[in-house]
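Survey of secondary and tertiary structure
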Amino acid sequence: MDFKEQLGKNSRIVFILNKMKKSPQRVIVFEGGLKEERALFGKYWACCVNCFNDKGPCLECRTCDDILNLRFPDVFLFDGDESSIGIELVRDIIREKNIPPREGKYKVFLFYEAQNLTLNAANSLLKILEEPKDRNLFVLMVPQKGNLLPTIVSRSVVLTLKWQRTQIEKDLSDVISHLVRFWETGSGLFKLSEKKMEIKEVEQIIIGLQAMLVDAVSDEQHHGNLNFFKKNLTSQKVWQISFFLEQGLFMLKSNVSPRMVFEWLGLNIYKILKMNQT
Ligand SMILES: [Zn+2]
């Protein structure tokens, strides 16, 4: 799906961003969608506030083009997908944020997969976010806002991208239904994982579950599996499940056997869902 198509699918968010650009929010969180889609919206927002076209970012001028290709001198990228985002990177921001924008109207600091901020880094970032409005803007991209410190979320405008109901989900809807049945009844998990499981498959299951979490706490229409999830969730549980899903992805990257990751997640989420609400 190309950039323009992607924007069209989330036209509500495009509308909000274009409204906001006159007096930009200091911190925006993009959740939902796929990793690449969140990244696109981060860059789109940087275009919104820096393109000199009044009607909205043209996506064609030199400024827009440089931003989209990440070579604009006032856009900074911290990519949690490559490694965790640690305190030393936040120190770079502290140095940079006091220098006025070089070419653009605003400096934009993008954090891809911000769930991989270390706790130290997240806490120092929080202090920066608390500073009064200036020409620095921050954008955090996460699968689900529960991945971030609640104190960061409370200072942000959270925008939820639509989950792309693609082939992945159709292919995996069977596995996910079985998984949900296991969480309801407490049996059948190991039957599911008896067959050979590939890394890619377990990764997609995790992404599917992240999407379900986003939908379960938003006002999207609900159906079958989601109703179960919604009934059994508290914000504490959403936070815990998000945490385990992230750990699951990390384990896959570290070459833990996909089947083991699948079972570990199935059991841990079962425990969370069964815990008495406190
Ligand atoms: Zn432009």
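Residues numbered from 1 in each chain as written. Predicted model: local features only at pLDDT ≥ 70, side-chain atom pairs only at ≥ 80, totals over all residues.

This part is about the sheet that holds strand β1 (residues 27-32). In spatial order, the strands read β2-β3-β4-β1-β5; together these 5 strands make up an open sheet with parallel pairing. Both outer strands of the open sheet, β2 (75-79) and β5 (157-161), are each paired with one neighbouring strand and no more. This sheet shows a mean twist of 20° between the axes of neighbouring strands, independent of strand direction. Bridge count between β2 and strand β3 (residues 107-112): 5 bridges; the pairing is parallel. Paired with Leu77 across the two strands is Leu110, which belongs to β3. (Pairing = 2+ DSSP bridges. Helix = DSSP H or I, 4+ residues; strand = E, 2+ residues; numbered from the N terminus. Axes fitted to C-alpha atoms, helices over the stretch in contact; angles between N-to-C directions.)

Right, let's talk about unusual backbone geometry for a bit. Across residues other than glycine, the phi torsion is negative in most instances, and most of the peptide bonds are trans. Positive phi, normally seen in glycine, also occurs at Leu70, with a value near 55°. Assignment of secondary structure puts Leu70 in the loop between α4 (62-68) and β2. With 13 C-beta atoms counted inside 10 Å, the residue Leu70 sits in the partly exposed group. The backbone phi angle of Glu113 is positive, close to 50°, even though this residue is not glycine. Mapped onto the elements of the fold, Glu113 is located in the loop between β3 and α6 (119-129). (Buried ≥ 20, exposed ≤ 12 C-beta atoms within 10 Å, placed from the backbone.)

Inspection of the secondary structure puts Asp2 in the segment before α1 (3-9). When the C-alpha positions of Asp2 and Met20 are compared, they lie 24 Å apart, and in sequence the two are 18 residues distant.

This part covers helix α12 (residues 235-253). An ideal rise of 1.5 Å per residue puts 27 Å on 19 residues; α12 measures up with 27 Å between its terminal C-alpha atoms. Residues of α12 that are buried include every one of Val238, Ile241, Ser242, Leu245, Glu246 and Gly248, and no others. The arc enclosing the buried residues of α12, seen along the axis, measures out at 150°, which places them on a common side. The inward-facing, buried residues of α12 abut α10 (199-217) and α13 (258-274). Positioned one or two residues after α12, Asn255 has a phi angle of 65°, which is positive. (Expected span 1.5 Å × (residues − 1). Arc of directions from axis to C-beta. Contact = placed C-beta atoms within 7 Å.)

Let's shift gears to the environment of Met275. Residue position: Met275 is located in the segment after α13. Along the primary structure Met275 and Asn232 are separated by 43 residues, whereas in three dimensions their C-alpha atoms are 9.8 Å apart.

Another aspect to go through is the domain arrangement of the chain. Once the domains are mapped, the chain shows domain 1 (3-161) and domain 2 (167-274). The C-alpha centroid of domain 2 is placed 28 Å from the C-alpha centroid of domain 1. On the domain 2 side, the residues contacting the 8 residues of domain 1 number 8 residues. (Domains from an automatic or database assignment.)

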